Amino acid sequence: MIADFLVKNAGGLYCKYGDFYLDPQLPVKNAVISHAHGDHAKPGNQNIYCTAFTQEVMKLRFKKKAGDNFNVISYHQAFEIGGVTITFLPAGHILGSAMVKMNYWGSTYLFTGDFKLQKDTSCEAIEFCKADVLITETTFANPETKHPNPEQEIEKLNQISTNILLGVYGLGKAQRLTKLISQICPQKTIHLHYSIFPIHQLYQKHGINLGPFQHYGRKILKQNPENQVYMVPPLTFNSYGRAIGVVKMFASGWKNLQHGNDESLYISDHVDWDDILETIKMVEPKQVWTIHGDGNQLKAYFSDSLTVKIL
Ligand SMILES: [Zn+2]
Ligand SMILES: [Zn+2]
């Protein structure tokens, strides 16, 4: 393997052998984009390589500034940039999220992007492959992090008849929760903040049945004192302060985002500690390179058995 196959610079994660970036943070010539979350998909790149869903979200969000030349790539469809052969595999994080498998001079490098192993029927299930180098996020790479079962977390809503103000990330989490609530709490009516509605529509367009949902209207919570769920993005959620007559919950894997709410809701679209170990077992890498979060605990855990490099 090549030690500097991927390096971190001001633009992001760069491969000089193929002259492309993975999830670039600044506009670049060749951008391989793992998924549509705002911290991964930025506007203004020249040649963009991503899945169809990622492209649609970027165009919805950035309009004409989304980028010059989109190359829409299906999962498992190999393509080349500068002599590096690239294949997307489902990452199980949100709809259209891709892990990026790169082959170069006989070595395989697997960049996970954001990914998860937990069941989520609102997106493609993760597909692993073997790789010499695993490049992975370490958002929750801490032995103390253990994400609970999402179905059991959603069960909490069945104990609450009062209306619920539910804070969610609008892309991915909102759709996953809509589907979970419609299956586990069918007595609830889901109302969407106007910024979330179009993303739900995109999911439906791509064949994901999320169950029933509707636009939020001003008087709905007042007129119906029970079993209404109003899903709002983080900024709106925070602006509500001490809302009267509703139970406030925020869906996240982060402890600090649970403080100050009426009930906790630990649902994460990232891997926890056990999931990272499981991933390493499946991929069987010779080396692990880490980005995002803190890779030190992983490095300590594997100190005798596996090279862990923090990029
Ligand atoms: Zn993400
Ligand atoms: Zn991310």
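The structure under discussion appears in the preceding block.
What counts as what
Residues numbered from 1 in each chain as written. Chains lettered and ligands numbered in written order. Predicted model: local features only at pLDDT ≥ 70, side-chain atom pairs only at ≥ 80, totals over all residues. Heavy atoms only, no water. Helix = DSSP H or I, 4+ residues; strand = E, 2+ residues; numbered from the N terminus. Buried < 20%, exposed > 50% of the residue type's maximum accessible area, 1.4 Å probe, protein only. Polar contact = N/O pair within 3.5 Å; in protein donor to acceptor, adjacent residues only side chain to side chain. Contact = heavy atoms within 4.5 Å. Axes fitted to C-alpha atoms, helices over the stretch in contact; angles between N-to-C directions. Parallel < 35°, antiparallel > 145°, perpendicular 65-115°, else oblique. Left-handed = near helix turned anticlockwise from the far one by under 90°. Nonpolar A, V, L, I, M, F, W, Y, C, P; charged D, E, K, R; others polar. Pairing = 2+ DSSP bridges. Salt bridge = Lys/Arg side-chain N within 4 Å of Asp/Glu carboxyl O. Donors = N, O, S within 2.8 Å, 3.2 Å for Na, K, Ca; no water. Tetrahedral: all angles 85-135°; square planar, octahedral: opposite > 155°, others 65-115°. Phe/Tyr/Trp six-rings, centres within 6.5 Å; stacked < 30°, edge-to-face > 60°.

A. Main features of the side chain of Thr 51. Looking at the element boundaries, Thr 51 is found in the loop between β5 (45–50) and α1 (52–62). By relative accessible area, Thr 51 is classed as buried at 6%. Polar contacts involving the side chain of Thr 51 include one to the side chain of Thr 54, which spans 3.0 Å. Not counting the four nearest positions on each side in its chain, Thr 51 is found in contact with Val 72, Ile 73, Tyr 75, Phe 88, Gly 96 and Ala 98.

B. Expanded view of the packing of α1 against helix α4 (residues 197–205). α4 packs onto α1 with a crossing angle of 155° between their chain directions and a minimal axis gap of 11 Å. As judged from the angle between their axes, α1 and α4 are roughly antiparallel. Seen along the crossing, α1 lies across α4 with a hand that is right-handed. Within the contact between the two elements, α1 uses Phe 53, Glu 56, Val 57 and Leu 60 and α4 uses Pro 198, Ile 199, Leu 202, Tyr 203 and Lys 205. By residue class, the composition of the contact of α1 with α4 is 7 nonpolar, no polar and 2 charged.

C. Layout of the sheet that holds strand β10 (residues 107–111). If you trace the 7 strands from one edge of the open sheet to the other, you get β7-β8-β9-β10-β11-β18-β19, paired in mixed fashion. The two strands at the open ends of the sheet, each matched to only one other strand, are β7 (79–81) and β19 (307–310). Across the sheet, the mean angle separating the axes of adjacent strands is 25° when strand polarity is ignored. In terms of strand pairing, strand β8 (residues 84–90) meets strand β9 (residues 98–104) through 6 bridges, oriented antiparallel.

D. Quick peek at the pattern of salt bridges. Across all of its chains, the model carries 13 salt bridges by this definition. The partner of Lys 116 in a salt bridge is Asp 120, with the nearest N and O atoms 2.7 Å apart. Each member of the pair, Lys 116 as well as Asp 120, is classed as buried. With a closest N to O distance of 3.7 Å, Asp 272 and Lys 146 form a salt bridge.

E. Inspection of the coordination of the zinc ion (ligand 2) at higher detail. Distances from the zinc ion (ligand 2) to its protein donors, namely His 40 (NE2) and Asp 114 (OD), fall within the range 2.1 Å. A distance of 3.5 Å spans the gap from the zinc ion (ligand 2) to the zinc ion (ligand 1), which Asp 114 bridges by coordinating each metal. With His 40 in the loop between β4 (30–32) and β5 and Asp 114 in the loop between β10 and β11 (133–138), this pair connects stretches of sequence that are 74 residues apart. By relative accessible area, which is 2% here, His 40 ends up buried. The exposure class of Asp 114 is buried, given its relative accessible area of 3%.

F. Up close: the coordination of the zinc ion (ligand 1). Every protein donor of the zinc ion (ligand 1) is listed here as His 35 (NE2), His 37 (ND1), His 93 (NE2) and Asp 114 (OD), and their distances to the metal cover 2.2 to 2.3 Å. The site at the zinc ion (ligand 1) holds 4 donor atoms, and with the angles between them running 92 to 161°, its shape is irregular. Along the chain, the residues donating to the zinc ion (ligand 1) are arranged with the sequence spacing H-x1-H-x55-H-x20-D.

G. Seen up close, the sheet that holds strand β16 (residues 247–251). Read from one edge of the open sheet, 6 strands run β14-β13-β15-β12-β16-β17, paired in parallel fashion. The open sheet has two edge strands, β14 (214–215) and β17 (263–265), and neither has a second partner. Pairing of β16 with β17 involves 3 bridges; the strand directions are parallel. When the sheet's bridge partners are listed, Met 249 is paired in β17 with Glu 263. Contacting β12 (164–167), β13 (189–192), β15 (228–232), β16 and β17, helix α3 (residues 173–184) runs over the sheet at an angle of about 165° to β15.

H. Structural detail: the packing of aromatic side chains. In this structure the tally under the stated criterion is 16 aromatic pairs. Summarising the aromatic geometry, the rings of Phe 5 and Tyr 104 are spaced 5.9 Å apart at their centres and angled 35° between planes, so their arrangement reads as tilted. Remark: Tyr 104 occurs in strand β9 and Phe 5 occurs in the segment before β1 (7–9); sequence separation between them is 99 residues. Of the two residues, Phe 5 and Tyr 104, neither departs from the other in class, the shared state being buried. Look at Tyr 216 and Tyr 230: their rings are 3.5 Å apart centre to centre, the planes differ by 10°, and that puts the pair in the stacked class. Here Tyr 230 lies in strand β15 and Tyr 216 lies in the loop between β14 and α5 (220–223), a separation of 14 residues in the sequence. Among the residues examined, Tyr 216 registers a relative accessible area of 25% and is labelled partly exposed.

I. Spotlight on the pairing of β16. In terms of burial, β16 is a largely internal element, 5 of the 5 residues being buried. Residues Val 247, Met 249 and Ala 251 line one face of β16 and the alternating positions Lys 248 and Phe 250 line the opposite face, and both faces are buried. Pairing geometry for β12 and β16, over 4 bridges, is parallel. Looking at the pairing, Ile 164 lines up with Val 247 of β16.

J. Main features of the environment of Gln 223. Note on placement: Gln 223 falls in helix α5. By relative accessible area, Gln 223 is classed as exposed at 57%. With 58 residues separating them in the primary sequence, Gln 223 and Lys 281 have C-alpha atoms 53 Å apart.

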